[in-house]
Structures are given as structure tokens and as C-alpha cells.
Amino acid sequence: MTHPLSLTINGESYTLLVEPYCSLLDMLRDELQLTGTKKGCDEGDCGACTVLMNGKTVTSCMVLALDARDKEITTVEGLRQGNTLHPVQAAFVQYGGVQCGFCTPGLIMSGVGLLLENPRPTEEEVRFAIGGNLCRCTGYAKVVQAILKAAETMQAQAS
Amino acid sequence: MNRFEYREAQTVQEAVEMMRQEEGARIVAGATDVLIRWRQGAWKPRYVLNIKRIKGLDEVSYSPDSGLSLGTLATIRTLERHPHIQEHYPALAQAATAFAGVQIRNLATVGGNVCNASPAGDTLPALLAYGAECRIAGPEGERLVPLEQFCLGPGQTALQPAELLVALRLPPPPPRAGALYIKHSPRSTMDIATVGVASVISLAAQPGVCQEVKIALGAVAPTVVRATAAEALLRGQSVDTERLQQAAQAAAQTANPIDDIRGTAAHRRAVVAPLVQRTLHYAVQMAQGSRLPFQMQRGLAVEAVF
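Residues numbered from 1 in each chain as written. Chains lettered and ligands numbered in written order. Predicted model: local features only at pLDDT ≥ 70, side-chain atom pairs only at ≥ 80, totals over all residues.

What should I look at first to understand the overall build of chain B in this one?
Within chain B one finds 13 helices and 15 strands. Taking 2.2 N^0.38 as the reference for a compact globule, 306 residues should give roughly 19 Å; the C-alpha atoms of chain B span a radius of gyration of 19 Å, in line with that estimate. For chain B, the C-alpha atoms occupy an extent of roughly 60 × 45 × 30 Å along the three principal directions. Looking at chain B as a whole, 52% of its 306 residues are labelled buried. A sequence separation of at least 24 residues applies to 67% of the contacts in chain B between residues at least 6 apart. (Helix = DSSP H or I, 4+ residues; strand = E, 2+ residues; numbered from the N terminus. Rg over C-alpha atoms; globule rule 2.2 N^0.38 Å. Buried ≥ 20, exposed ≤ 12 C-beta atoms within 10 Å, placed from the backbone. Contact = placed C-beta atoms within 7 Å.)

Sorry, what's going on with the domain arrangement of chain A here?
Residues and elements named next belong to chain A. Assigned domains within chain A: domain 1 (3-77) and domain 2 (87-158). Computed over C-alpha atoms, the centres of domain 1 and domain 2 are 21 Å apart. Contacts between domain 1 and domain 2 engage 14 residues on the former and 13 residues on the latter. Within the residue set of the side of domain 1 that touches domain 2, elements represented by two or more residues are strand E3 (50-53) and strand E4 (56-59). Broken down by element, the residue count for the side of domain 1 that touches domain 2 peaks at three residues, all from E3. Taken together, the residues that form the side of domain 1 that touches domain 2 break down as six nonpolar, six polar and two charged. (Domains from an automatic or database assignment. Nonpolar A, V, L, I, M, F, W, Y, C, P; charged D, E, K, R; others polar.)

Would you mind going over the packing of helix H2 (residues 87-94) of chain A against helix H5 (residues 141-158) of chain A with me for this structure?
The axes of two packed helices give the description: the angle between them and the distance between them. Residues and elements named next belong to chain A. Two elements in contact, H2 and H5, have axes whose closest approach is 8 Å; the angle formed by their N-to-C orientations is 135 degrees. If you check the angle between H2 and H5, you find them oblique. Considering the relative orientation of H2 and H5, their crossing is right-handed. Residues Pro87, Val88, Ala91 and Phe92 of H2 touch H5, and the partners they reach there are Ala146, Ile147, Lys149, Ala150, Thr153 and Met154. (Axes fitted to C-alpha atoms, helices over the stretch in contact; angles between N-to-C directions. Parallel < 35°, antiparallel > 145°, perpendicular 65-115°, else oblique. Left-handed = near helix turned anticlockwise from the far one by under 90°.)

Help me out: how do you make sense of helix H1 (residues 24-31) of chain A in this one?
Residues and elements named next belong to chain A. Along H1, the residues classified as buried are Leu24, Leu25, Met27 and Leu28. The inward-facing, buried residues of H1 contact strand E2 (12-18). Of the residues one or two after H1, glutamine 33 is the one with positive phi, at around 55 degrees.

Even after reading the chapter, I still don't get the interface of chain B and chain A, so can you show me in this structure?
It is common to report an interface's size as the accessible area lost on association of the parts. Between chain B and chain A, the residue contacts involve 23 residues of the former and 23 residues of the latter. Counting only elements with at least two residues in the side of chain B that touches chain A, the list comes to strand E1 (5-8), helix H2 (34-40), strand E3 (47-50) and helix H6 (102-105) of chain B.

Can you help me understand the domain arrangement of chain B in this one?
With domains assigned, chain B is organised as domain 1 (5-50), domain 2 (60-170) and domain 3 (177-304). The centre of domain 1 of chain B, based on its C-alpha atoms, is set 35 Å off from the matching centre of domain 3 of chain B.

Quick question: what am I supposed to make of the pairing of strand E12 (residues 195-203) of chain B here?
Residue and element names in this part refer to chain B. With eight of nine residues buried, E12 lies mostly within the body of the structure. Judged from the eight bridges that link them, strand E11 (residues 177-185) and E12 form a sheet pairing that is antiparallel. In the strand pairing of E12, histidine 184 is matched with valine 195. Hairpin connection between E12 and strand E13 (residues 210-218): a loop of six residues separates the two successive antiparallel strands, and glycine 208 in this loop has a positive phi of roughly 75 degrees. (Pairing = 2+ DSSP bridges.)

Whenever I open this one, the packing of helix H3 (residues 104-117) of chain A against H5(A) confuses me. Can you help?
Residues and elements named next belong to chain A. Across the interface, H3 lies against H5 with an axial gap of 11 Å and an inter-helix angle of 40 degrees. Taken together, the axis directions place H3 and H5 in an arrangement best described as oblique. The handedness of the crossing between H3 and H5 is right-handed. Only Val143, Ile147, Ala150, Ala151 and Met154 of H5 make contact with H3, whose side of the interface consists of Leu107, Gly111, Leu114 and Leu115.

Pasting the structure below:
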């Protein structure tokens, strides 16, 4: 039996009917066609489905959609401002943090989540923050560099 | 995968009443274990009972007189970052940093980790070494069960039908105390422990003498276990290197591990003594007043190949 669910996704209010066993990930992808969030393992191990829930990173495959009631979700589609990429997105492009691209939305969300909590992370803190995101292409070095550069950009913009 | 129904409780009483009236519930909080078991087909709940909307169940409070109370819904991320936990129950904060990855720590709850009753659960050795008690609500009211009597086997707990773990209570830390958790694991994140050890020691007023010590071993027996013989070798004794070594050897005798994908029983048995030795070494240093920054404790707490 479906249940009504109201929540905010990328700043827009949604009300829809979902099944009790539907994950937040499946709801985003299959009901709302927000396919930027990827399904890798569907067991919380790979981080490809990372989104922000009330400003904190979570693996959306491990969240029941109904548990997201009244919460604010941000997916990779919600990061850009108009036609301008979020600084973390821009840095991934500029510093080559993307190869095949499948893990990229999740890594970007983990980077954004880290910088919300800690605007000036050390390299160690960046590596610690992305420990829950698997990437089999990049070797992580350029991903780490991109997040550190994004932090610098955001600091410069803020001052 | 079976299709389950969905219920929510607004109060503890309501949750207990719902479970009493209708069988086949699986409580969900962080859901990070439940959804995996359900997708594997291992758990087939008739309905999931979401307790996350129960107000106050995520509260963390500390006072020097009564110790620490952790609401069952306190997240692992909260344990990791809470200043009182970092200061007074460092092994618990260290264990939280060694737990999965940030995204899972933001969801997973301490109550869920305890009720999952995995011998490798990262919070369990620290909770056991700090003498945690489980506050349980049920149809007959509330009861307190020491954590040692709560975990009965892998996935087996002392919870009776329609009962719910509502909080964990840890006694106040003694003066001159130190503690370290070390997780030995193939990977530094997103993996469970091959062996986990938490040691909590407090020193007597007389310098260098152990007043009280608790050593808890994870992933080497059907439940997390105390190494009581090792503890007895230390209590009232001076904590020199030789004595710590003897205790570590004694702790290894307590281990009763199995072979699995993360290591053979022999490997696990061989790892226990050095891990116990190291946890005691640093715990003694902390108890003697060495201020190890939390970043450093976090580094010590994970021992991984990758």
C-alpha cells in the first residue's frame, strides 16, 4: 500500500505516493527521473548514491523514502546556481577528478557535505570524508586535489 | 524480497503497544542493517516500525555524577563528534570514527549497532569496556540489562517480544583513566573488524599502579567478550611493559574465533595479543596525563592494510 510523502528536493516541494519498501534512491531515480544519483551496490558500500539529507551526506539506498518525510534533500542536480557549476563540480572538471563518471556525483556530494561542515579541510580530512566513496578509475589523487581546490575557491568567494 | 508495510510510532509506549498487538515487526532506525538483510532475503518483516520520529530518543547527556546516557537513536556520527564523548569516553568516539564511512555514520544509530549484536560491531567493545547498561522498554515497563547479558550470540539479543532498546547508560569515568580502541581490518573504511579491541584503564593514586581495567574483544567469539583473566593480572599491579605483555597473552587465551573471509581463526588469535598490548600501552599513557589529540587517537584506532 502506498503512503503519501511530502519532502523538499533541490529546493522544490514534492508530494507523491510511495511504497513502504521504496528507497530514497529508487524514488529519486525512478519516480522523479533524477538520475544523476547513481545506483552502484544498493547496500551502502560504494557511495555512488550519496545525497545530502538536511545538510548531511547519506547513502540514499539506505534510506526508506518514507523516512525522508519533511526533510530537505539535495542531489547533484541541485548544486548548480543557474548556469554556473558549484565550485566542487567545477573543480572536478578542472582538475580531472572525473574518469568514467559513475562515482562522480557521489564523490561530489561527499565533497560538498564535507565543506559544509569543515570549509578548510586538510588533505587527510578530505581523504577521511570520501572513505565511503569507491572510485575504480582515478586513484583518488585528483579527486582529493579537486575538493581541496574547491575549498580554496569557496573561501576566496566568501571573503 | 517480501513487501512489507510501514508504521511509525510517536512515543515509546506506542511502539511497544504496536509490537504487542501485531506480530512480524522489524524496528528500523538508521535502517543500514535492516535494508541490507531485507534485500538479501534474510529478514522478511511483515511491517517495519520506524522509531525515528520518537522525540528525545536521540538525546545524549553527560554529567560527572551520573555518567553518559545515549538515546538509542544517537547516530554514530554524533558519538564521533560529541565533545563530552571524545573527552570522557574516548574509546567510544574512536570506535565511531572507525565505523563504515561518513554517509553510513550519519544514518546508523548506536541502538541499532547494539541490537544488531554482531560480534564485530564497532561500538560494542568500547561500550562493554565502559560498563554500558541497556535500558529496555516493554509491555511490563522498563528494565536495565548489562550489555554483557544483552548480546547472546551473533544477531541474538535479550530483547523479548514487543521490547525496545531505548537508551544506553555508561557510568561516570573514574579519575586518571585512559582508553583506546583498535580495529584491525583489511580496509581502513567501509569494512568490518577482523579483530577489535577496546581497553579502558584507570590508575590508582599510587603512581603506575592499575586501579581498574576492562578489556573487551570484538570479532573473536560469538559475542563481544571481556578478557577477564587478563584484567585480573593487571588490577592492583604496576603497569610496566612486562605486566602488559602478560595481560595481552592472557587475553589471547580468551579468544575463540572462527575462520571467515577476513581472516583465519589462527590469524585472529595471533592478532589479539599485540592489539591488547597496544591498547593498554596508549591507555596507560593517557591515564598518566599524556594528551593525545583526537586526530592522533583516530589514527591509532584503525589498523588496516588499505
